[in-house]
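Examining the three-dimensional arrangement
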Amino acid sequence: MIFQSQAGASGAALYDAHCAVCHGENGKGGVGVPLSLPSFLAGADDDYFRKTIRLGRPGRVMPAFDQLSEDEVSAIIAHIRGWSEHEPVVFSSTWQAKGDVTHGGLLYQQYCAACHGKHGEGGSGTGVTFSRPRDLPIIAPALNNSGFQAAASDQMIRQTLMHGREGTPMGSFLEQGLSQQDIDDVIRYIRSFGGEQPEHKPGRSDDAVLVVESSSSFEDTVEALRQTIVGENFRLIREQSLDKGLVAEGHENSKQHIIYFCNFSFLNKVLAIDPRVGMFLPCRVTVVEHEGKVLLMTINPLRLSQLFNNAELDKYCKEMLQLYEGLLEEASL
Ligand code: HEC
Ligand code: HEC
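Notes on the structure in this doc start here. Predicted model only: the values in this text are computed from it and were never measured. (Residues numbered from 1 in each chain as written. Chains lettered and ligands numbered in written order. Predicted model: local features only at pLDDT ≥ 70, side-chain atom pairs only at ≥ 80, totals over all residues. Heavy atoms only, no water.)

**Side note on the environment of Arg60**
With respect to the element layout, Arg60 can be found in the loop between α4 (46-55) and α5 (70-81). Arg60 gets classed as partly exposed once you look at its relative accessible area, which sits at 23%. Spatially, the C-alpha atom of Arg60 lies 8.2 Å from that of Pro141, the residues being 81 residues apart in sequence. Not counting chain neighbours up to four residues away, the residues in contact with Arg60 comprise Glu121, Gly122, Gly123, Ile139, Ala140, Pro141, Ala142, Asn145 and Asn309. (Helix = DSSP H or I, 4+ residues; strand = E, 2+ residues; numbered from the N terminus. Buried < 20%, exposed > 50% of the residue type's maximum accessible area, 1.4 Å probe, protein only. Contact = heavy atoms within 4.5 Å.)

Take a look at the structure:
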């Protein structure tokens, strides 16, 4: 018993450290779906939790936790279970729904696609926006996701479709008039998505910063960078020395200069996906003169892809990388 309560305590601490930032305090939901809803806990078995925690949902924000020990994962699950009175269900991992995939596809397009996407790609964004209350619209998970496909058993999906998740937009389809057989048909269709890995590669370069050496003087490079930025239709926002605020005024190193700039339509697009990107905006390039060399430097946007694990953001990070590479090259000539 003493052992159990210790495991419970550390489960709470582990949950707070690894999960609460997205799933909210006490599983109330946030960027991640709520985990404390009785209707969810009644329909998800420990195996589903274990696999979801281990595999994550590649490209869908939910990270894979391969650094946690088995005991730590068990402690987190026990902690989450503590939010509900329900005895945990146990589903068969081998039972398969028998159904007609073509009919399932028709039903899927009619009943599911509006929320889960035509191809099961899930609702868009991460669910966080500035204006949205934290407990409101929950983004529909991606069903074609390799992590989901591996974690969810047919029985669990069936349970979810039959009873829905009370307190979320996901309703019961028995109540909406589908038969048990219709539901099994839909399950066969969902399985036909396969669980292909969405395009989510960290990218060509793992370097945290992009660095290019300029062939002209420090002053000429700064001026060339300004002109390139304006020429690429960005707005210059401000400029400052790298050490401004860190050293006494007037003593800044004049050979370290940062230019901040922005493209507002781009900025609005990425912030709509995930406002945390704001930490890395506006765009900035630093010019430094160091040991006789003039260098242009900026963070590698592909690092953001790794940080946010969001396939939609990846696209923009790649665009940003191309832009940055173009700017640095142009300004260094
Ligand atoms: C009105 C929008 C909406 C519709 C329509 C809808 N869903 Fe959902 N679905 C959701 C949301 C939101 C969740 C996440 C609920 C939560 O927070 O637990 C969800 C969860 C699920 C889950 C659990 C997945 C997971 O990762 O937890 C499955 C499976 C699922 N839906 C399948 C379907 C299928 C199949 C249909 C059509 C028969 C359907 N849904 C229709 C919004 C919807
Ligand atoms: C960076 C944010 C983030 C963190 C950290 C995170 N999750 Fe998630 N999690 C998500 C999102 C977002 C989803 C929904 C997946 C989708 O949209 O396809 C999710 C889905 C899940 C699901 C499936 C829920 C369902 O309705 O079927 C479980 C279970 C889960 N997370 C548990 C955890 C646990 C336990 C931890 C800590 C060890 C954790 N998550 C950490 C963002 C996160």
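Now that the structure has been shown, the text picks up again.
**Topic: the coordination of the iron atom of ligand 1**
Protein coordination at the iron atom of ligand 1 comes from His116 (NE2) and Met170 (SD), with a distance range of 2.0 to 2.1 Å. Around the iron atom of ligand 1, the 6 donor atoms sit at angles spanning 86 to 178 degrees, and that spread fits a shape best called octahedral. Residue His116 is found in helix α7 (residues 113-116), and its partner Met170 is found in the loop between α9 (154-163) and α10 (180-191); the two are separated by 54 residues along the sequence. With a relative accessible area of 11%, His116 lands in the buried category. (Donors = N, O, S within 2.8 Å, 3.2 Å for Na, K, Ca; no water. Tetrahedral: all angles 85-135°; square planar, octahedral: opposite > 155°, others 65-115°.)

**Considering the site of ligand 2**
Surrounding ligand 2, one finds 24 residues, the nearest of these being Cys19, Cys22, His23, Tyr48 and Met62. Tyr48 places a side-chain nitrogen or oxygen 2.4 Å from an oxygen atom of ligand 2. Within the contact set of ligand 2, an oxygen atom lies 2.8 Å away from a side-chain nitrogen or oxygen of Arg165. Those elements giving two or more residues to the shell around ligand 2 turn out to be α2 (20-23), α4 and α5. (Near = heavy atom within 4 Å. Polar contact = N/O pair within 3.5 Å; in protein donor to acceptor, adjacent residues only side chain to side chain.)

**Here's the deal with the site of ligand 1**
Around ligand 1, 23 residues are found, and the nearest of them are Cys112, Cys115, His116, Arg165 and Met170. Tyr48 places a polar side-chain atom, nitrogen or oxygen, 3.3 Å from an oxygen atom of ligand 1. Within the side chain of His116, an N or O atom sits 2.8 Å from a nitrogen atom of ligand 1. Those elements that place two or more of their residues in the shell around ligand 1 are α7, α9 and α10. If one sorts the elements of the shell around ligand 1 by residue count, α9 sits on top with 3 residues. Its residues placed into classes, the shell around ligand 1 shows 18 nonpolar, 3 polar and 2 charged. (Nonpolar A, V, L, I, M, F, W, Y, C, P; charged D, E, K, R; others polar.)

**Some words on the pairing of strand β5 (residues 293-299)**
As defined by bridge partners, strand β1 (residues 209-213) adjoins β5 across 5 bridges and the pair is classed as antiparallel. Residue pairing for β5: Val209 is matched across the bridge by Ile299. Relative to β5, strand β4 (residues 283-290) is paired through 5 bridges, and the arrangement is antiparallel. Within β5, the residue paired with His290 across the bridge is Lys293. Remark: 2 residues form the turn of the hairpin made by β4 and β5, two consecutive strands paired antiparallel; Glu291 in that turn has positive phi of roughly 50 degrees. (Pairing = 2+ DSSP bridges.)

Just geometry here; none of it tells us what the structure is for.
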